[in-house]
Amino acid sequence: MADKDGLKVSKDYGVGIPFANNTPFHVKGANNLDWGMKRHLSNIFDAKSGKTVMFAFDHGYFMGSTAGLERLDLVIPKLLPAIDVLMGTRGALRTCIPPDTGKAIALRVSSGSSMLNDDLSHEILAVDMEDSIRMNADCIAVQTFIGADGQLSSIDNLSKCINAGMRYNIPVLGVVAVGKDMERTDRFFKLATRIVAEMGANIIKTYYCDNFEEVVAACPVPIVVAGGKKLPERDALTLAYNSIAGGAAGLDMGRNIFQSENSLEMALAIRKIVHEGFTDKEAWEFFREATKS
Ligand code: R5P
């Protein structure tokens, strides 16, 4: 754009007005997609609640062996009753997860960062579409860094995945990353989620923030909220509740589940919020009751 000065500030988000192009298919922004794409999205988003409980355990791709995920083969299977979607790397899935879980798969396909890098924003596409199809992925997850050094290459990665995803009917989950020096404001999330959605991503993963309702209203595809660092369980349930109340189509939590002493009960409490309309208070009561010894 030639002139950024004096731009009008966006303000009319129509919060509370349902998304217009929303029937007959239950996933936001997917009404005009092909059958195969809808089939995958239906594996992710429950047809009744319209929402999803994703479980992120892709941390190994940049953190190595993460506290709580030392033994994927032991940790993941016991959480399955609470989870709709397993979000992981192909290495973790192929080696540690039985293929007959019946759960949807969100396959992490971008890589290139590690805890030892100063700048996590430069990634490559590590998994090609052929292998994603072999894994029977219901969506592929790509990190995008809007406003960071690696913006151009991450948009290039995202676009390549979306082009291949459109060719083979595999939805793309755009993960809106926030670099360490970047703001976690609604201003940033409105910009980043909308860019990623307009590039053609079918699902966005991002963080909760103030005015989250406006971020959701301005984004034409479902937003699932990331968990972030481990919080006390009560606070994590409030984050989950606020996200769903603000219009999120689900949660994609990792550490707030697998680093809990009571990881299954925590995941079940989150499930109550996502699919059964529990408040955070009700979910906390459920969690306390379930963990009473
Ligand atoms: C984000 O880029 C990755 O999917 C992370 O591995 C995941 O979001 C981390 O989940 P959490 O922050 O809930 O532990």
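These figures come from a predicted structure and were not determined experimentally. (Residues numbered from 1 in each chain as written. Predicted model: local features only at pLDDT ≥ 70, side-chain atom pairs only at ≥ 80, totals over all residues. Heavy atoms only, no water.)

**Student:** Could you give an account of the site of the ligand, with specific residues and numbers?
**Tutor:** Surveying the vicinity of the ligand reveals 14 residues, the closest of which are D58, H59, K205, G254 and R255. R108 is positioned with one of its side-chain polar atoms (N or O) 3.1 Å from an oxygen atom of the ligand. With the chains in place, 96% of the 370 Å² that the ligand exposes on its own is no longer accessible. Across the shell around the ligand, the residue classes tally to 5 nonpolar, 5 polar and 4 charged. (Near = heavy atom within 4 Å. Polar contact = N/O pair within 3.5 Å; in protein donor to acceptor, adjacent residues only side chain to side chain. Areas by Shrake-Rupley, 256 points an atom, 1.4 Å probe, with all protein chains shown as cover. Nonpolar A, V, L, I, M, F, W, Y, C, P; charged D, E, K, R; others polar.)

**Student:** Describe the nonpolar core, and please don't skip the residues or the numbers.
**Tutor:** Core analysis: the largest hydrophobic core is formed by 70 residues, its most contacted members being F57, I76, L86, L107, I140 and I204. Take this core: its biggest share by element is 6 residues, from helix α11 (residues 263-276). Ignoring sequence-local partners within four residues, the contact set of F57 consists of L69, L72, I76, L86, M87, G88, A92, L93 and I97. (Core = buried A, V, L, I, M, F, W, Y, C linked by side-chain atoms within 4.5 Å. Buried < 20%, exposed > 50% of the residue type's maximum accessible area, 1.4 Å probe, protein only. Helix = DSSP H or I, 4+ residues; strand = E, 2+ residues; numbered from the N terminus. Contact = heavy atoms within 4.5 Å.)

**Student:** Account for the sheet that holds strand β9 (residues 223-226), naming residues and giving values.
**Tutor:** Taken together, the 8 strands give a closed barrel; going around it, the order is β1-β2-β3-β6-β7-β8-β9-β10, and neighbouring strands pair in parallel fashion. Here the average twist between neighbouring strands, direction ignored, is 25°. The pairing of strand β7 (residues 172-176) with strand β8 (residues 203-206) spans 3 bridges and is parallel. If you follow G174 over to β8, its bridge partner there is I204. Across the face of the sheet, α11 comes into contact with β1 (52-56) and β10 (250-253) while running at roughly 145° to β1. (Pairing = 2+ DSSP bridges. Axes fitted to C-alpha atoms, helices over the stretch in contact; angles between N-to-C directions.)

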